[in-house]
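Read off the chains here:
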Amino acid sequence: MLVPSAEHKIDRMIELLVKNATVVVPGPKIASQVGVTRFVVSKWVKRLRGLGVEIKGHMGAGYQLMKIPDILVPSLIHGELGGSEIGHAINHHLQIDSTNTAAMVLAQAGAAHGTVVVAEEQTAGRGRFGRAWYSEKSSGIYLSVILRPPFSPAAAPILTLMAGVAAQQAASALTGLSVDIRWPNDLLVNGKKVAGILTEMNAELGRLHAVVLGIGINVNHSEMPAELKQIATSLRIESQRPWSRVQICVALLKELERHYHLLLEKGSAAIAERWASASSYACGKRIRIVSGEAESLATTLGLDPSGALRVRYDDGREEALVAGEVTEVK
């Protein structure tokens, strides 16, 4: 993994090439303005090409950006966010083990509310229940957001639903696809998973220090691995066209900002209401619930204001679920 100063300089190099996209920028000029050697510039150009950034080299003259890159660097995102708290600081990585792991470290070190960690590729991306998250290079959005809400640890689960609604709104608005939400945190298109959310927290008894929302969206994957094809998909596969990851990332951060303030101003019931209106799983859905070794069939009855999923089991018992894995019974 590149050290943060190198990542920052790569962003500066991309920003310089974007601002001078119609001309060839001399290698010495790039090296001087970024603060590295020409050899390092050449090495970074090769690495960026490996991420799909189209940079043309002109022998003895320099480098030219052939089109605006779809890479999630701060210089391409910040300008679209206005004065948003979420995304005011963005830590970008070409490759990282896990954005959630990095965000938890930053949170423990005192990183401010709204700090974002984003990567072009994860080598050890994590999902719920300790599962791996498939993170194809330069194809998805893999980011984590640090929040410092004025909540108790018991109230933190509503943030997962908030993130689900925000991601659903961003993806559906930009692509026009019908994006469903499976309780509590999976986004589905045509019944297959297109995004997931992993929420982790730094807390002690009665006090919540920080929450990290990890969000993974399959954007431009042209094909899913054989073992995932039956259960996972991407926005590109479902729409038969590629999408700008930068635009989707910006929309996601804006929706997170909007829904976070809705939560602060109107409470968890407002988020539960938004979630229920966006999800086919909210009420009347036949589901299978897996919790540990136990498996049960039930029908959904709606969300309570805290975000718990109310269900009626086939034996007539009713319960408000706060944990567990839910799948549709077809």
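All figures in this text were calculated on a predicted structure; none of them were measured in a lab.

About the thresholds
Residues numbered from 1 in each chain as written. Predicted model: local features only at pLDDT ≥ 70, side-chain atom pairs only at ≥ 80, totals over all residues. Heavy atoms only, no water. Helix = DSSP H or I, 4+ residues; strand = E, 2+ residues; numbered from the N terminus. Buried < 20%, exposed > 50% of the residue type's maximum accessible area, 1.4 Å probe, protein only. Areas by Shrake-Rupley, 256 points an atom, 1.4 Å probe, with all protein chains shown as cover. Lys, Arg positive; Asp, Glu negative; His and termini not counted. Charge placed at Lys NZ, Arg CZ, Asp CG, Glu CD. Phe/Tyr/Trp six-rings, centres within 6.5 Å; stacked < 30°, edge-to-face > 60°. Lys NZ or Arg CZ within 6 Å of the ring centre and 35° of its normal. Arc of directions from axis to C-beta. Pairing = 2+ DSSP bridges. Axes fitted to C-alpha atoms, helices over the stretch in contact; angles between N-to-C directions. Parallel < 35°, antiparallel > 145°, perpendicular 65-115°, else oblique. Left-handed = near helix turned anticlockwise from the far one by under 90°. Contact = heavy atoms within 4.5 Å. Nonpolar A, V, L, I, M, F, W, Y, C, P; charged D, E, K, R; others polar. Expected span 1.5 Å × (residues − 1).

A word on the overall build of the chain. If you tally the helices and strands in the chain, you get nine helices and 14 strands. With the C-alpha coordinates of the chain rotated into their principal frame, the extents come out at 75 × 40 × 35 Å. Residues classed as buried in the chain amount to 52% of the 330 residues present. Of the roughly 14,900 Å² of accessible surface on the chain, a fraction of 51% belongs to carbon and sulfur atoms. The average position of the 35 basic charges and that of the 31 acidic charges among the side chains of the chain differ by 8 Å.

Applying the stated criterion across every chain yields a total of zero aromatic pairs. Against the face of W243 rests R241, its NZ or CZ located 3.6 Å from the ring centre. Just above the ring of Y281 sits the side chain of K285; from NZ or CZ to the centre is 4.8 Å.

So, on to helix α2 (residues 27–34). For α2, the set of buried residues is G27, I30, A31 and V34. For α2, the buried positions fall inside an angular range of 95° around the axis, keeping them on one side. Just beyond α2, the residue with positive phi is G35, at close to 90°.

Glancing now at the sheet that holds strand β14 (residues 325–328). Strands pair in a sheet through their backbones, by hydrogen bonds, and they do so in one of two ways: parallel or antiparallel. Spatially, β13-β12-β11-β10-β14 is the arrangement adopted by the five strands of the open sheet, whose pairing is antiparallel. Where the open sheet ends on each side, the last strands, each with one partner, are β13 (318–321) and β14. Neighbour to neighbour, the strand axes of the sheet diverge by 40° on average, direction disregarded. By the bridge criterion, four bridges tie strand β10 (residues 283–291) to β14 in an arrangement that is antiparallel. In the strand pairing of β14, R288 is matched with T327.

As a packed pair, helix α6 (residues 158–175) and helix α8 (residues 245–266) sit with axes 8 Å apart at the nearest point and diverge in direction by 140°. Accordingly, the angle class assigned to the pair α6 and α8 is oblique. Classified by chirality, the crossing of α8 by α6 is right-handed. Residues I158, L159, M162, A163, V165, A166, A167, Q169, A170 and L174 of α6 pack against Q247, I248, A251, L252, E255, L256, R258, H259, Y260 and L263 of α8. The residue inventory of the contact of α6 with α8, partitioned by class, reads 15 nonpolar, three polar and two charged.

A few words on helix α3 (residues 38–50). The end-to-end C-alpha distance of α3 is 19 Å, a good match for the 18 Å that 13 residues give at a rise of 1.5 Å each. Looking only at α3, the buried set comprises V40, V41, W44, V45 and L48. Axial view of α3: buried residues confined to an arc of 140°, hence all on one face. Summarising the geometry of α3, the exposed residues directed more than 90 degrees from the buried face are F39 and K46. Backbone geometry just after α3 places G52 at a positive phi near 95°.

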